[in-house]
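Residues per chain are reported as follows:
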Amino acid sequence: MKRAYNFNAGPAALPLEVLQEAQAELLDFGGTGMSVMELSHRSKEYDAVHEQAEQLLRKLLGIPDDFHVLFVQGGASLQFSMVPLNLLGEGQAANYILTGSWSEKALQEAVKVGETKVGASSKDQQYRYIPAAADLEIGGDEAYVHITSNNTIYGTQWQQFPQTEEVPLIADMSSDILSKPLDVSQFGLIYAGAQKNLGPSGVTVVIIRRDLLSRAKDDLPTMLNYNTHAKARSLYNTPPTFGIYLLGKVLGWVERQGGVAAVARQNELKAKLLYDVIDESGGYYEGHAEPESRSLMNVTFNLASEELEKKFLAEAKEAGFVGLAGHRSIGGCRASIYNAVPVEACQALRDFMIRFKEHN
Ligand SMILES: *Cc1c(COP(=O)(O)O)cnc(C)c1O
């Protein structure tokens, strides 16, 4: 069997070891005589899986005790609604910093719930950069400030998070959670769909500071209220058990790599391989993001013409590279190099890019 060079944006590559472990346990999980998918979510065997995933995430990210860790469904997209439904009360505005399509979508949902404002936007430059700290308009009386930590489509990433003082900072970290060390205490709430850096699709991680739970009104639909999931340890209803099991395995893999700091060093190395080709190509490959805003997770670039990009993508596909087309909204090329993408895949892509340039 030959594993593909998988540069998919999400769902994305999973560590081979994780898949092999899951395969080995698929028919008989821990001597139960059944797959983990067939266990009751109320069984002690599943409970151990659930608890271990939470504890490992707490350990790897250094999540303080005054934060809840929730496993919910509905993807990051449901969080676009749940965040304002739970945290945006009357008489306050939510402040959205727009750095790409996902921030725009988050804002669109908040607009349906309450008052909003835009504290900064880099849309005028096709979202090529992250606004500077000095250019953020934060009043200090907002319900929260919302950012997208990594812009999966445009290939930009916050290098330093804004200081929002008393205003809770909320981050959609779907595409860079666990890719580098993080000070969770800077945030009021972090959310991430699992399918980029944490596991398979179907699970969404929410990390929420305990005191923010009291903002939710009792008349919210039960499943949309963070309190429901916090009180029940994400076992109010049937959770996505297999997804949480795989998430736990991915976390175990990160721990065996040496933890988040070690994974971050790998990520820097991987990104450098590709950005160096772009920078040394004399404009043949044109990076979409401004260099100081570049993402370590999604490397976005263009070639001189759409025709040449088509040829590049076709030949890359033939050479075994998967998922290199840019998002349908902006085109071009994109290599998503999340935690589980091995260094060798990035080296192979670098070599391919150099070869392609020589021949075209
Ligand atoms: C992929 C992605 C989303 C959408 O996630 P779903 O789980 O499909 O809803 C939202 N935000 C960011 C930053 C993403 O990368």
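Calculation notes
- Residues numbered from 1 in each chain as written.
- Predicted model: local features only at pLDDT ≥ 70, side-chain atom pairs only at ≥ 80, totals over all residues.
- Heavy atoms only, no water.
- Helix = DSSP H or I, 4+ residues; strand = E, 2+ residues; numbered from the N terminus.
- Rg over C-alpha atoms; globule rule 2.2 N^0.38 Å.
- Buried < 20%, exposed > 50% of the residue type's maximum accessible area, 1.4 Å probe, protein only.
- Contact = heavy atoms within 4.5 Å.
- Areas by Shrake-Rupley, 256 points an atom, 1.4 Å probe, with all protein chains shown as cover.
- Lys, Arg positive; Asp, Glu negative; His and termini not counted.
- Charge placed at Lys NZ, Arg CZ, Asp CG, Glu CD.
- Phe/Tyr/Trp six-rings, centres within 6.5 Å; stacked < 30°, edge-to-face > 60°.
- Lys NZ or Arg CZ within 6 Å of the ring centre and 35° of its normal.
- Polar contact = N/O pair within 3.5 Å; in protein donor to acceptor, adjacent residues only side chain to side chain.
- Pairing = 2+ DSSP bridges.
- Domains from an automatic or database assignment.
- Buried area = accessible area lost by both parts, 1.4 Å probe.
- Salt bridge = Lys/Arg side-chain N within 4 Å of Asp/Glu carboxyl O.
- 1 Å grid on protein atoms, 1.4 Å probe; cavity = no way out; pocket = protein on both sides within 12 Å on 5 of 7 lines; lining within 4 Å.
- Points joined across faces, edges and corners; volume = space filled by probe spheres on them.

K.L.:
Run through the overall build of the protein chain, naming residues and quoting values.
P.N.:
Looking only at helices and strands, one finds nine helices and 14 strands in the protein chain. Against the compact-globule benchmark of 21 Å for 360 residues, the protein chain has a radius of gyration of 21 Å, which places it among compact chains. Its C-alpha atoms give the protein chain principal-axis dimensions of roughly 65 × 55 × 30 Å. In the protein chain, which comprises 360 residues, the proportion classed as buried is 54%. Partitioning the contacts of the protein chain with sequence separation of at least 6, the portion at a separation of at least 24 is 67%. Of the roughly 16,000 Å² of accessible surface on the protein chain, 49% is carried by carbon and sulfur atoms. Mean positive and mean negative side-chain charge positions of the protein chain (33 and 44 charges, respectively) differ by 4 Å.

K.L.:
Give me the packing of aromatic side chains: which residues, what numbers.
P.N.:
In total, this model carries 17 aromatic pairs according to the counting rule given. Where Tyr285 meets Phe312, the ring centres are 5.9 Å apart and the plane angle is 70 degrees; that geometry is what we call edge-to-face. Taken together, the positions of Tyr285 in the loop between helix 7 (260-279) and strand 11 (286-287) and Phe312 in helix 8 (residues 306-318) put the pair 27 residues apart, joining distant regions of the chain. With a centroid separation of 5.8 Å and 85 degrees between ring planes, the pair formed by Phe301 and Phe312 is classed as edge-to-face. In this pair, Phe301 is assigned in strand 12 (residues 298-302) and Phe312 in helix 8, connecting sequence segments 11 residues apart. Residue Phe301 is classed as buried on the basis of its relative accessible area of 2%. Aromatic rings pair up to connect Tyr5, Phe7, Tyr284, Tyr285, Phe301, Phe312, Phe321, Phe352 and Phe356 into one cluster. Just above the ring of Tyr5 sits the side chain of Lys2; from NZ or CZ to the centre is 5.4 Å.

K.L.:
Now, about the side chain of Glu54: what can you tell me, with residues and values included?
P.N.:
Here Glu54 shows up in helix 2 (residues 44-61). There is a polar contact of 2.9 Å between the side chain of Glu54 and the side chain of Arg58. For Glu54, the contacting residues outside a window of four places in its chain are Val69 and Phe71.

K.L.:
Account for the pairing of strand 8 (residues 169-172), naming residues and giving values.
P.N.:
Burial along strand 8 is two-sided: the residues Leu169 and Ala171 and Ile170 and Asp172 are all buried. Judged from the four bridges that link them, strand 5 (residues 144-148) and strand 8 form a sheet pairing that is parallel. Across the sheet, the residue bridging to Thr148 is Asp172, located in strand 8.

K.L.:
I'd like to hear about the domain arrangement of the protein chain, residue by residue, with values.
P.N.:
According to the domain assignment, the protein chain contains domain 1 (16-257) and domain 2 (259-359). Distance from the C-alpha centre of domain 1 to the C-alpha centre of domain 2: 27 Å. With both chains or domains summed, domain 1 and domain 2 bury close to 2,100 Å², and 55% of this area falls on carbon and sulfur atoms. Of all residues in domain 1, the largest losses of buried area upon contact with domain 2 belong to Arg128, Ile153 and Tyr154, amounting jointly to 25% of the total for that side. Inspection of the region where domain 1 meets domain 2 yields zero salt bridges. For the pair domain 1 and domain 2, the interface holds 16 residue pairs in polar contact (both at pLDDT 80 or more). Listing elements by their share of the side of domain 1 that touches domain 2, those giving two or more residues are strand 6 (150-151), strand 7 (156-157) and helix 6 (241-256).

K.L.:
Mind laying out the environment of Leu87, listing which residues take part and the relevant values?
P.N.:
For Leu87, the location among the structural elements is in helix 3 (residues 75-87). Aside from chain neighbours lying at most four places away, what touches Leu87 is Ala143, Tyr144, Ile170, Leu189, Leu212 and Arg215.

K.L.:
With reference to specific residues and values, describe the layout of surface pockets.
P.N.:
Quantified by volume, the largest pocket comes out at close to 540 Å³. Every residue lining the largest pocket is counted, 24 residues in all, and those nearest its centre are Pro15, Leu16, Ala340, Val341 and Pro342. Contributions of two or more residues to the lining of the largest pocket are made by strand 1 (5-6), helix 1 (16-25), helix 7 and helix 9 (343-359). Top contributing element to the lining of the largest pocket by residue count: helix 7, with four residues.

K.L.:
Give a detailed account of unusual backbone geometry, specifying residues and quantitative values.
P.N.:
Put simply, Gly10 and Pro11 share a cis peptide bond, and its omega is -10 degrees. Relative to the elements of secondary structure, Pro11 occurs in the loop between strand 1 and helix 1. A positive phi angle, near 55 degrees, is found at Glu165, a position not held by glycine. One can find Glu165 in the loop between strand 7 and strand 8.

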